[in-house]
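The residues making up each chain are set out below.
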Amino acid sequence: MFAKIRKIIDNGQDFFISTHIDPDGDAIGSVFSMYWALRSLGKNATVYLKDQVPYRYEFLPGPDLISHAIPERVYDAAFVLDCGELARIGEGYENLKRTETIISIDHHNTNEGFGRINVLDTGASSTGEILYRLYKYLGISLSYEMAVNIYTAIVTDTGFFRYENTGPKALLICEKMMRLGVKPAQVSGMVNGNHPKERFLLLGRIFSTLRTFDDGRVAMAYVTGEMFEDTHSTREYTDGFAEILREIRGVEVAILLRQVGDRQYKISMRSKGTVDVAEVCGIFGGGGHKNAAGCHIDGDITEVETKILEAMKR
Ligand code: 5GP
Ligand code: MN
């Protein structure tokens, strides 16, 4: 697959790079590192993100211009990174189908293999880790701009080396990125220590909805549109909260429900150990990883909770 990608890059000039909606650190770090990689090879790269860069990742060096609509033109190839389904890059994804060569590079179990080229390594900690190997294969010498993006991709997807996907390769790559000038305390300071006060006002409200089920093995909490309004918060302020719920003793599955429409909730599930939440989210048309997955469910809060608990029993 890497040999095919090398050929495609060698033979092309204009590339498109994107990732999933609601981008996390791996998504942003992967896209930005690929931008610098293609630039270092003398290629043009258009970065498309449906959403704005979340405030936690604004410090990452990326292109001056990010496109928020998918241009109707045809590219020599499109890189879709850290994204299991093409539709998850956001509205207008159909436009991209004009580009024949779509290259999917990902580590999600539920990846649908939508590319012409699919590099899927579900054993990789992050898409950033796979990209590091690709850049080495391509003989690219890594700049600081690339290193800090790769580092951030890996540390955010491993929860700063706390999750089960933390392996020796992830640690070794991060050591190399440090040698290229990456400062772990600085990255952690930007990602974990630079929150707006409103986030904590919102978290207070969310904490007060916490309930457990199934002898304390399932923890659930929710955020309504009203709570977002009251605390002048947006959805990105809840980033990382499902992970906090998983920290409760005895909890195997943590579920955060965020209202996104009149009768629709975005669900984030996190698990410890063997429970496969990607399978549970799959029942509702979503997906992700064994220990971190998401989906959308229609209904009011009580209906959505009931649907989830029934699916969990299955
Ligand atoms: P989060 O809960 O933070 O939105 O997502 C957790 C993980 O599940 C991420 O890897 C994310 O890409 C994936 N994910 C979240 N929502 C969906 C969804 O609706 N469909 C699919 N296929 N993956 C999702
Ligand atoms: Mn990822």
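None of these values were measured; they are calculated from a predicted model. (Residues numbered from 1 in each chain as written. Chains lettered and ligands numbered in written order. Predicted model: local features only at pLDDT ≥ 70, side-chain atom pairs only at ≥ 80, totals over all residues. Heavy atoms only, no water.)

Structural notes on the overall build of the protein chain
Summing up its helical and strand segments, the protein chain has eleven helices and eleven strands in all. Over its C-alpha atoms the protein chain spans a radius of gyration of 19 Å, differing by no more than 12% from the 20 Å that the globule rule assigns to 314 residues. The principal-axis extents of the C-alpha atoms in the protein chain amount to approximately 55 × 40 × 35 Å. On the protein chain, roughly 14,200 Å² of surface is accessible, and the fraction owed to carbon and sulfur atoms is 48%. Each charge class in the protein chain can be summarised by its mean position, and for the 36 positive and 42 negative side chains these summaries are 5 Å apart. (Helix = DSSP H or I, 4+ residues; strand = E, 2+ residues; numbered from the N terminus. Rg over C-alpha atoms; globule rule 2.2 N^0.38 Å. Areas by Shrake-Rupley, 256 points an atom, 1.4 Å probe, with all protein chains shown as cover. Lys, Arg positive; Asp, Glu negative; His and termini not counted. Charge placed at Lys NZ, Arg CZ, Asp CG, Glu CD.)

Section: the site of ligand 1
What surrounds ligand 1 is a group of 15 residues, the closest being Glu85, His108, Lys266, Ser268 and Arg270. A distance of 2.9 Å separates an oxygen atom of ligand 1 from a polar side-chain atom of Arg88. Between ligand 1 and the protein, one listed contact pairs an oxygen atom with a side-chain N or O atom of His289 at 3.5 Å. Here ligand 1, which alone exposes 500 Å², has 86% of that area covered by the protein. Residue composition of the shell around ligand 1, grouped by class: three nonpolar, eight polar and four charged. Taken domain by domain, the shell around ligand 1 gets at least three of its residues from each of domain 1 (2–192) and domain 2 (197–313). (Near = heavy atom within 4 Å. Polar contact = N/O pair within 3.5 Å; in protein donor to acceptor, adjacent residues only side chain to side chain. Nonpolar A, V, L, I, M, F, W, Y, C, P; charged D, E, K, R; others polar. Domains from an automatic or database assignment.)

Structural notes on the sheet that holds strand 6 (residues 211–213)
By way of backbone hydrogen bonds, the strands of a sheet pair with one another, either parallel or antiparallel. Pairing within the open sheet is mixed, and its six strands lie in the order 6-7-8-9-11-10. Bordering the open sheet on either side are strand 6 and strand 10 (287–288), each of which pairs with just one other strand. Across the sheet, helix 11 (residues 301–313) touches strand 6, strand 7 (218–223), strand 8 (253–261), strand 9 (264–271) and strand 11 (292–298), and the angle it forms with strand 8 is around 145 degrees. (Pairing = 2+ DSSP bridges. Contact = heavy atoms within 4.5 Å. Axes fitted to C-alpha atoms, helices over the stretch in contact; angles between N-to-C directions.)

Quick word on the packing of helix 1 (residues 2–11) against helix 3 (residues 127–137)
Between two packed helices, both the angle of their axes relative to each other and the distance between the axes serve to describe the pair. Viewed as axis vectors pointing N to C, helix 1 and helix 3 meet at an angle of 65 degrees, and their least axial separation amounts to 10 Å. Here the hand of the crossing between helix 1 and helix 3 comes out right-handed. Of helix 3, the residues touching helix 1 (which contributes Phe2, Ala3, Ile5 and Arg6) are Ile130, Arg133, Leu134 and Tyr137. Looking at the contact of helix 1 with helix 3 residue by residue, the classes come out as six nonpolar, no polar and two charged. (Left-handed = near helix turned anticlockwise from the far one by under 90°.)

Concerning the pattern of salt bridges
Applying the stated criterion to the full structure yields 14 salt bridges. Residues Arg98 and Glu72 are paired through a salt bridge, measuring 3.8 Å at the closest nitrogen-oxygen approach. Of the two residues, Arg98 sits in the loop between strand 3 (77–81) and strand 4 (102–106) while Glu72 sits in the loop between strand 2 (44–48) and strand 3, which places them 26 residues apart along the sequence. By relative accessible area, which is 52% here, Glu72 ends up exposed. With a closest N to O distance of 2.7 Å, Arg179 and Glu175 form a salt bridge. Placement of the pair is Arg179 and Glu175 together in helix 5 (residues 168–179), with a separation of four residues, close to one helical turn. Judged by relative accessible area, Arg179 falls into the exposed class, the value being 68%. Looking at Glu175, the relative accessible area reads 31%, which means it is partly exposed. Several salt bridges converge on common partners, so that one network encompasses Asp121, Glu129 and Arg133. (Salt bridge = Lys/Arg side-chain N within 4 Å of Asp/Glu carboxyl O. Buried < 20%, exposed > 50% of the residue type's maximum accessible area, 1.4 Å probe, protein only.)

Digging into helix 4 (residues 144–157)
Compared with an ideal rise of 1.5 Å per residue, which puts 14 residues at 20 Å, helix 4 spans 20 Å between its outermost C-alpha atoms and is within 8% of the ideal. When you tally the buried positions in helix 4, you get twelve out of 14 residues, the bulk of the element. Burial in helix 4 covers these residues: Met146, Ala147, Val148, Asn149, Ile150, Tyr151, Thr152, Ala153, Ile154, Val155, Thr156 and Asp157. Among the structural elements, helix 2 (25–40), helix 3, helix 5 and helix 6 (184–192) are those in contact with the buried residues of helix 4. Looking one or two residues past helix 4, Gly159 carries a phi angle of roughly 60 degrees, positive in sign. (Expected span 1.5 Å × (residues − 1).)

Structural notes on the sheet that holds strand 3
Read from one edge to the other, the open sheet built from five strands follows the order 2-1-3-4-5, with strand pairing classed as parallel. Of all the strands in the sheet, the pair left with one neighbour each is strand 2 and strand 5 (117–120). Each strand of the sheet is rotated relative to its neighbour by a mean of 15 degrees, with strand direction disregarded. Of the strand pairs in this sheet, strand 3 and strand 4 are connected by four bridges, and their pairing is parallel. From the neighbouring strand, Phe79 faces strand 4, where its bridge partner is Ile103. Strands strand 3, strand 4 and strand 5 of the sheet are contacted by helix 3, whose axis makes an angle of about 120 degrees with strand 4.

Brief notes about the domain arrangement of the protein chain
According to the domain assignment, the protein chain contains domain 1 (2–192) and domain 2 (197–313). The distance between the C-alpha centroids of domain 1 and domain 2 comes to 26 Å. Listed as interface residues are 13 residues of domain 1 and, on the opposing side, 18 residues of domain 2. Taken over both partners, the interface formed by domain 1 and domain 2 buries close to 1,200 Å², and the fraction arising from carbon and sulfur atoms is 37%. A salt bridge links Arg56 to Asp239; the shortest N-O distance between them is 2.9 Å. Our count for the domain 1 to domain 2 interface comes out at six residue pairs in polar contact (both at pLDDT 80 or more). Its residues assigned to classes, the side of domain 1 that touches domain 2 shows four nonpolar, four polar and five charged. (Buried area = accessible area lost by both parts, 1.4 Å probe.)

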